[in-house]
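Geometric and topological summary
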Amino acid sequence: MREIQVTFDCADPAAIAAFWAEVLGYQVQPPPDGFDSWEAALEAFGVPADQWNSRSAIVPVDGDGPRVFFQRVPEGKTIKNRVHLDVRAAPGLTGDERMETLESEAARLEALGASRAYRVEPAPPMEAGFITMHDPEGNEFCLD
C-alpha cells in the first residue's frame, strides 16, 4: 500500500493550512517532539524568520487520511485547477436533503473565507448535485 500527500502551491501557507484544517476536520501538524511550537523548532533549526511561513501541513486528527502540504510559491494562481478536492459533505444524501446539507456547509466555509463559484442541481440518474467553491486563494474544490 502506498500513502499519498496532497500538495497546494500558495502565497500564505499558514493561513491556507488553517482554512483547510477547518474544512476537512484536520489539525495543523504538531511541531517535532521536544518543541512547544513551530516557531521554537524553526528557530532551533536555524531557519531564518522570513522563511517560517514558507510551508505548513495538516494531518487527520485520527490519523486516517492523507497529509496535506502547503508550500509558498512566488506566482499567483492564474488558471483553473486541473486537479481539485471533492469534500464529501453529504455522502448518501439525495435530492433536497443533500442540497440543503451542501448549502449549510457552503455557508460555514464562506464564513471561513471560501467563496462560491456555482451550484449544480441534482439530475438523476447521473448527477447528484454539488457546489463548486474557491478557497481563500482561489483554488477550486467541490462540496459533494
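Reference entry: report on the structure contained in this document. (Residues numbered from 1 in each chain as written. Predicted model: local features only at pLDDT ≥ 70, side-chain atom pairs only at ≥ 80, totals over all residues. Heavy atoms only, no water.)

Before going further, it helps to examine the overall build of the chain. Helix and strand content of the chain: three helices and eight strands. Expressed along its principal axes, the backbone C-alpha trace of the chain runs to roughly 55 × 35 × 30 Å. Burial status across the chain gives 31% buried among its 144 residues. Relative to all contacts within the chain whose residues are 6 or more apart in sequence, the contacts with residues 24 or more apart total 59%. Accessible area of the chain: about 9,000 Å², with a carbon and sulfur share of 52%. A gap of 7 Å separates the mean positions of the 12 positive and 25 negative side-chain charges of the chain. (Helix = DSSP H or I, 4+ residues; strand = E, 2+ residues; numbered from the N terminus. Buried < 20%, exposed > 50% of the residue type's maximum accessible area, 1.4 Å probe, protein only. Contact = heavy atoms within 4.5 Å. Areas by Shrake-Rupley, 256 points an atom, 1.4 Å probe, with all protein chains shown as cover. Lys, Arg positive; Asp, Glu negative; His and termini not counted. Charge placed at Lys NZ, Arg CZ, Asp CG, Glu CD.)

For the rest of this paragraph, the subject is the nonpolar core. Grouped burial of nonpolar side chains is what soluble globular proteins tend to show. One finds W20, I58, F70, M133, F141 and L143 to be the most contacted residues of the largest nonpolar core, which totals 23 residues. For this core, the element with the most residues is helix α1 (residues 13–24), which contributes six residues. Beyond its immediate chain neighbours, meaning those up to four positions away, I58 contacts A17, W20, A21, L24, Y26, Q27, V28, Q29, R67, V68 and F70. (Core = buried A, V, L, I, M, F, W, Y, C linked by side-chain atoms within 4.5 Å.)

As a further point, take the sheet that holds strand β4 (residues 67–72). Strands belonging to one sheet form pairs held by backbone hydrogen bonds; the direction of such a pair is parallel or antiparallel. On the basis of which strands lie adjacent, the open sheet formed by four strands has the order β1-β4-β3-β2 and mixed pairing. Two strands bound the open sheet, and with one partner strand each, they are β1 (5–10) and β2 (26–28). If you compare each strand with its neighbour and ignore which way they point, the axes differ by 25 degrees on average. With three bridges joining them, β2 and strand β3 (residues 55–60) adopt antiparallel strand pairing. Of the residues in β3, the one forming a bridge with Y26 is P60. Docked against the sheet, α1 engages β1, β2, β3 and β4, running at close to 15 degrees with respect to β3. (Pairing = 2+ DSSP bridges. Axes fitted to C-alpha atoms, helices over the stretch in contact; angles between N-to-C directions.)

One ladder, built from six bridges, connects β1 with β4; its direction is parallel. Counterpart to Q5 in the pairing with β4 is R67. Where β3 hands over to β4, the hairpin turn is made up of six residues, of which G63 adopts a positive phi near 85 degrees.

The next thing to look at is the sheet that holds strand β5 (residues 85–87). Strand order in the open sheet formed by four strands is β5-β8-β7-β6, and the pairing between neighbours is mixed. Each of the sheet's edge strands pairs with one partner strand only, and the pair in question is β5 and β6 (115–120). Averaged over all pairs of adjacent strands, the angle between strand axes in this sheet comes to 25 degrees, irrespective of strand direction. Where strand β7 (residues 130–134) meets strand β8 (residues 140–143), four bridges bridge the pair, whose relative direction is antiparallel. Directly across from H134, in β8, lies its bridge partner E140. Helix-sheet contacts for α1 involve β5 and β8, and the interaxial angle to β5 is about 45 degrees. Along the sheet, helix α3 (residues 95–111) contacts β6, β7 and β8; its crossing angle with β7, the most-contacted strand, is approximately 10 degrees.

In short, shape yes, function no, at least from these values alone.
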